[in-house]
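# Tertiary structure, described
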Amino acid sequence: MPPCQHVLDAQLTAPTASTPVYKEECTQCFDDQDSEAGIDVCLSCFNGGCPGAPSNHAHQHAMKSGHHLALNIRRMQREERPAKLTKLEIVEAEDPHTYETFVRCWACAGARVDDVPAGVAGVAQAVMHAVEASKGSEIRAWADEVTACAHFDALEQTAGSTALQQCSMCEKRDNLWMCLVCGHAGCGRRQYDGSGGNEHAIAHFQQTGHAVSVKLGTITPEGTADAYCYACDDNRLDPHLAQHLRAFGISVAAQQKTEKSIAELQLEHNLKFDFSMTTADGARLQPVAGPGLTGLRNLGNSCYLASIAQCVFAIDRFRDRYFPSAADHFLTCTQLRPARCLQCQLHKLAHGLWSGRYAVLESEADSQRGISPAHFKAAVAADHVEFGTMRQQDAFEFLQHLTKQVSVAERAVEGGALNPTSVFDFTTEERLQCTRCSRVRYSTQPASSLSLPVVKRPAPDTAEPQQYEPVTLAECLDLLAQPETVDGYHCPACKEATTAVKSTRFATFPKVLAVQARRFEFVNWVPQKLDIPVQVPLAPFELGAYRGQGLQPGEEALPDDAPDMAAAEAEAEPAVDEAVVAQLESMGFPRARCVKAVRKTGNTGAEAAMNWVFEHMDDPDVDAPDAPSQAPAADPAAVEQLMAMGFAQARVERELVQAGGDANRALDRLLNVPDDAAEPPAASAAAMPRDESTTHSQYELTAFVSHKGSSVHCGHYVATVRQGLGRDSSWFFFNDARVVSQPEPQPEHGYVYFFTRID
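Note that the coordinates shown come from a computational prediction; the quantities given were computed from them, not determined experimentally. (Residues numbered from 1 in each chain as written. Predicted model: local features only at pLDDT ≥ 70, side-chain atom pairs only at ≥ 80, totals over all residues. Heavy atoms only, no water.)

### A few points about the overall build of the protein
Let me state the cut-off plainly: The helix count covers DSSP runs of H or I at least four residues long, the strand count covers runs of E at least two residues long, and both are numbered beginning at the N terminus. When a residue's accessible area, from a 1.4 Å probe over protein chains only, is under 20% of the maximum for its type it is buried; when over 50% it is exposed; and in between it is partly exposed. Every residue pair with non-hydrogen atoms within 4.5 Å of one another is taken to be in contact. The method behind every accessible area is Shrake-Rupley, applied with a 1.4 Å probe, and residues are considered shielded solely by the protein chains displayed.
A count of helical and extended segments in the protein gives 21 helices and 28 strands. A buried classification covers 44% of the 759 residues belonging to the protein. Looking at the protein alone, contacts between residues at least 24 apart form 67% of all its contacts between residues at least 6 apart. Accessible area for the protein stands at about 37900 Å²; split by element, carbon and sulfur atoms hold 50% of it.

See below:
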């Protein structure tokens, strides 16, 4: 048989260390190297595709791109399985798999190429040695990188004998930290649950300024140990540890590690975040698998993403938008790198969760292997400063980010007519009444979720610290809807500063109401979670009592503000993120200062705004409003970028000017603030209407995300999802890749709830 001419003519370039190589899993489905047909890796752009039925995405990629040569990789398990990873470290071990590889030419009907030139063989070998594109971030999730700092350099140490058996200020004998300047031994920090030390090590730093210390019991003969810098307030590496310990007569060669390191404690702590897999009477929950019951593997601190994804893709509109049309989208998508296309990854994830192909119970473990959301995460979190990392994140914040990204991606498809995030849209009615003249003003605002305050009532007669009485969902809704006082309101009727009363209710009701239970408070400026049970009904309930009524007989409307003044204020004061403003206000800062901080930091989040407040605390004009400034002209490049998403030029330019030229803030307004002058998108047979309702207000709980841990930014998230409504429904519990039937759902400790309107 003559050699393949396509191989002989190929001009290929081997991947470098920075080249993404998708070699473990198809970028358009969840078939992987373990599949019977293996995975084809394109030798031109290194996209991964499945070469077998039913999808054959490798062949589709070759026909679209003209990249005909691919390396087929099939992985097989060795007889002996490796030991389960239990330490927070990365070690080099023998690969437990064997691999079969060959070069394929799709221009020759997918034929196997036996005689491969040296150049092509070299590229194939480089592919085999390359790190899978999604593996780099997963590895970083296991290794918490610790670096040195300047505070460990040139220490002026005080030599002498030191008592290291117990804390110098109390009787604690474990979790001791020795000051590397004077040898003082102090116990560690007190944990949120009351465990740990009495914080005498940090008290020593506050009294003396001695910033660096080492944890006794973690010193090894190899010269490693946990070190901490209180000036940096972070774990550090002491490159001169042996020398520093020698000043106190301590030889590292004679030391034996007797206590767990911070990394080991962190892993142990995370492993304890395991939700009960048994019923109240001790019966084991039954593992399940099937369409809609597919688990998602944990990538390392990705449980926040998995839990939200399970809840969102259980919604009919999301499932119907992305699951049935997956095959058609992959055929028509013009993106040559599907791993970077959010639409491709939404269709891929929906197909993976609902096709049932990957929901298979393994006989040995009686559980699922699950599918990896690595490609989905990379696409939805691209360039995001937090979600693009491997750190744990707030599940509710990710839900907001996901819906925003989906809305942006859907603008390019029939003008957004198919956008499934419309199920979350509703309108709130704000009533403002001047307490002097009693006139009122009604206004409406678009919304897509509720953030409910949780009533805090300490439990009486309990020995346990931080125990709270249960509260009801109705109590939380009442707290949200109750009137609040607005000081310094300039009444257009009274024409002077007065006091107003403001209240918020529903003007319309969404098809799916997403609710965050805001059960946390700030302790030393750090959000701490409060374990307050919220009693949420499983049966249908009414929200009609929270419906706004508009201007009532006998009420007199406040006159409109002067048009010129209102326009000037709108021009001078761009919109702010009210959720961030409310978070800062809950810390005790005046509203004017909070609004100013959010504007000064460009609506970039609570942390940036809080840092601005601290930095400008002593400014004499910190609470004074900013002077109006002339708005900059819209950047033509930003205008073009936003117009490509389907927005009209006039509106894009207007929102860019109001946002001070910030394209991200302008996009937020384009997505969330309705434009009265905008024309509706063209009608479509498959168009998804906005799911707002002014008549139906009965809801039923259909999913919720629960959390264990002291903060929403750490711990573990899981999802509980209902399939069906009413008596014919069933509940299922998703703990990463583990999926079980849940006959007794426990929404009391939920963090994010999804309620579906009953029409």
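### A word on the packing of aromatic side chains
Here is the rule we go by: Ring geometry is summarised as follows: Phe, Tyr and Trp rings, the Trp one being its six-membered ring, pair when their centres sit within 6.5 Å, and such pairs are stacked at plane angles under 30 degrees, edge-to-face over 60 and tilted between the two.
Applying the stated criterion across every chain, the model contains 20 aromatic pairs. Measuring from ring centre to ring centre gives 6.3 Å for Trp177 and Tyr228, while their planes differ by 75 degrees; the resulting arrangement is edge-to-face. Residue Trp177 is located in strand β6 (residues 176-179), and its partner Tyr228 is located in strand β9 (residues 227-229); the two are separated by 51 residues in the primary sequence. Its relative accessible area of 8% is what places Trp177 among the buried residues. Residue class for Tyr228 comes out buried when judged on its relative accessible area of 12%. Relative to Trp731, the ring of Phe704 has its centre 6.0 Å away and its plane inclined at 55 degrees; by these criteria the two rings are tilted. In this pair, Phe704 sits in strand β24 (residues 698-708) while Trp731 sits in strand β26 (residues 730-735), placing the two residues 27 residues apart along the sequence.

### A word on the sheet that holds β6
Our working rule: Each pair of strands is called paired provided DSSP finds at least two bridges between the two strands. Here, axes are lines fitted to C-alpha atoms. For helices the fit covers the stretch in contact, and angles between N-to-C directions go from 0 to 180 degrees.
Reading across the sheet, the five strands line up as β7-β6-β8-β9-β10 and stay open at both edges, with antiparallel pairing between neighbours. Edge positions in the open sheet fall to β7 (185-187) and β10 (234-236), since each of these has one partner strand only. For this sheet, the mean inter-axis angle between neighbouring strands, taken without regard to orientation, is 35 degrees. Bridging between β6 and strand β8 (residues 212-215) involves three bridges; their strand directions are antiparallel. Pairing of Trp177 across the sheet is with Lys215, part of β8.

### Remarks on the pattern of salt bridges
Heads up, the condition is: Salt bridges are defined as contacts in which a side-chain nitrogen from Lys or Arg sits within 4 Å of a carboxyl oxygen from Asp or Glu.
Under the defined criterion, the tally for this structure stands at 20 salt bridges. Residue Asp759 pairs with Lys511 through a salt bridge whose shortest N-O separation is 3.2 Å. With Asp759 in the segment after β28 (750-757) and Lys511 in the loop between β18 (496-506) and β19 (512-518), this residue pair connects regions lying 248 residues apart in the sequence. Residue Asp759 is classed as exposed on the basis of its relative accessible area of 53%. One salt bridge connects Glu700 with Arg722, and the closest N-O pair in it is separated by 3.2 Å. With Glu700 in strand β24 and Arg722 in strand β25 (residues 716-723), this pair connects stretches of sequence that are 22 residues apart. Judged on exposure class, the residue Glu700 and its partner Arg722 are both buried. What emerges from the salt-bridge pattern is a single network uniting Asp32, Asp34, Arg75 and Arg369.

### A closer look at the sheet that holds strand β17 (residues 484-491)
The strand order β14-β13-β18-β17 describes an open sheet built from four strands, whose pairing is antiparallel. At either margin of the open sheet sits one strand with a lone partner, and together these are β14 (440-447) and β17. Sheet twist, expressed as the average angle between the axes of neighbouring strands with direction ignored, equals 35 degrees. As judged from the seven bridges shared by strand β13 (residues 426-434) and β18, these two strands associate in the antiparallel manner. Residue pairing in the sheet places Glu430 in a bridge with Thr504 of β18.

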